[in-house]
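A look at the structure
What follows is each chain in one-letter form.
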Amino acid sequence: MRSREPVPTPAVATVPHWNIDQANGLLIHRAVCRSGLLDEFRAQLNSYFYPARVETLSHNADLKTSLLSAVRLENITMGFVRFGSEAMVDPGALGAYHINVPLAGQVASECGPRQALATPGRGAVFTPREHTVLPWWSADAAQLCIKIAKTSVEDELEALLGHPIPRDIQFDLALDLTTAPAVSWLATIRFLIEEIDREDGLLERSSSHRAYLERLIIAGLLHTQGHDYLEELLTPVAPARPRTVKRVMDLIESNPQVNYTLSELARHAGVGARRLQIAFQETLNTTPTQYQRKIKLEQARVDLLGGNGNVSEVAYRWGFNHPGRFSMRYQSEFGESPSQSVARARRRG
C-alpha cells in the first residue's frame, strides 16, 4: 500500500508531563511486545483490546522501535502503543468506550461518520456500536489507549444523573486535552499509571482501591468530554432533603475505611450526584468528598494517638496515598502535624 503524506495541522499545546523516547514509553514495566514482527505485535494488541485488522502502510516497514505495554484492571484496559512505522488499524465496532491520548505524531481517527486527526493535545473518544477505524497512524506516533467496559461507563452516568439512560452515550470524537477539566482528568490517569508501576502498592493489595481509581477516571471522562448527557450532568438541580444527607453521613461514618466515589454515595442516597452535592453544601457547608476525608482524618488521629502504626502506615490505612498531602490536611484539621501527635502519644505512654 502507498504511504500517505502527513496532514498539515495547526500547532496545538503539547500534553505535559508525558516523557517518552524511542526506547521507552509509559507502563514500561508492563511491556508485552517490543521490536517484534508485525504478526506478533498484531496478535498481542488484539488480545488486550479488540480483534482488528492491523497493517503497515509502507513496503519496507521497520518495527525496530515498536512497543506495546498494557495492563488489564477490573473495568479498564490501558496500553501504550507505538508501531514505529506508518500503520492502519481497523477494529470495527468496539463494544466498549475507548479513548486515545496521543503522545507523539498524528493518528487519523474515524468513528461512524465523524472524523478527527489526533495529535498531542487532541485525543479521540470512540463509542461502542459505531465502526471505528484509524486509517493512518504516522511513523512517529505513540498513543495511550484506554478501553473502558460499556456497562461501567453507563452505570456511572446513571448514578450521577439519578436515573437510567435509554441508549448508548454519544461522545464527541475529538477530545481537547488542553482544557482545565481535561488536564485534571489526565492527572488522574498519570496517578493510576504510577500506582500500576508501584511495587506492592495499594493497587496490588486492594481491589477496592483499584475500583475507586477506575471510577475516578470514568467519572472524569463523563465530566470532561462532550456527550449527549453532559448538559444535564452539569445543570444545577434542587438540593436533596436533609435526611438524604444524614443517610450518606451514616454510611461514611459506619464504613470509614471505604473510599466511596460521589456516584456511589448518590446511589446509596437515591438521588443524583449534583443534588447530593448541593444538599451537603447547604446543610453542612461542605461536600460529600470533604466530609468523607474529615472522617478518615479523625480515624487516622485515633490511630496515631493510640500508637497504632507510624505516620506512613496510618496514612495508607485510611486511603491517603501521599503522606505529604496527608500531613498538610492533618495539620490544617487538628493544628498539629501527624508526627507531633505520635510524639505526644509516646510521652503519654
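Just above, that's the structure.
Criteria and thresholds
Residues numbered from 1 in each chain as written. Predicted model: local features only at pLDDT ≥ 70, side-chain atom pairs only at ≥ 80, totals over all residues. Heavy atoms only, no water. Helix = DSSP H or I, 4+ residues; strand = E, 2+ residues; numbered from the N terminus. Polar contact = N/O pair within 3.5 Å; in protein donor to acceptor, adjacent residues only side chain to side chain. Contact = heavy atoms within 4.5 Å. Core = buried A, V, L, I, M, F, W, Y, C linked by side-chain atoms within 4.5 Å. Buried < 20%, exposed > 50% of the residue type's maximum accessible area, 1.4 Å probe, protein only. Pairing = 2+ DSSP bridges. Axes fitted to C-alpha atoms, helices over the stretch in contact; angles between N-to-C directions.

Considerations on the side chain of E214
- Residue position: E214 is located in helix α5 (residues 207-224).
- Of note is the side chain of E214, whose polar atom sits 3.3 Å from the backbone nitrogen of E74.
- In contact with E214, not counting residues within four places along its chain, are L73, E74, N75 and I76.

Notes on the nonpolar core
- Counting 60 residues, the largest nonpolar core has M78, I99, I146, I169, W185, I189 and L222 as its most contacted members.
- At seven residues, helix α3 (residues 180-197) tops the list of elements feeding residues into this core.
- Once you skip the residues sitting within four places of it in the chain, I169 turns out to touch Y97, T127, V153, E154, L157, L222, H227, D228 and Y229.
- Listed in part, the 29 residues of the second largest apolar core include C33, F41, L63 and L94.

Observations regarding the sheet that holds strand β5 (residues 87-93)
- Pairing is antiparallel across the open sheet formed by five strands, whose spatial order is β2-β5-β10-β7-β8. The open sheet has two edge strands with one neighbour each: β2 (53-56) and β8 (114-118). Recorded for the sheet is a direction-independent mean angle of 15° between the axes of neighbouring strands.

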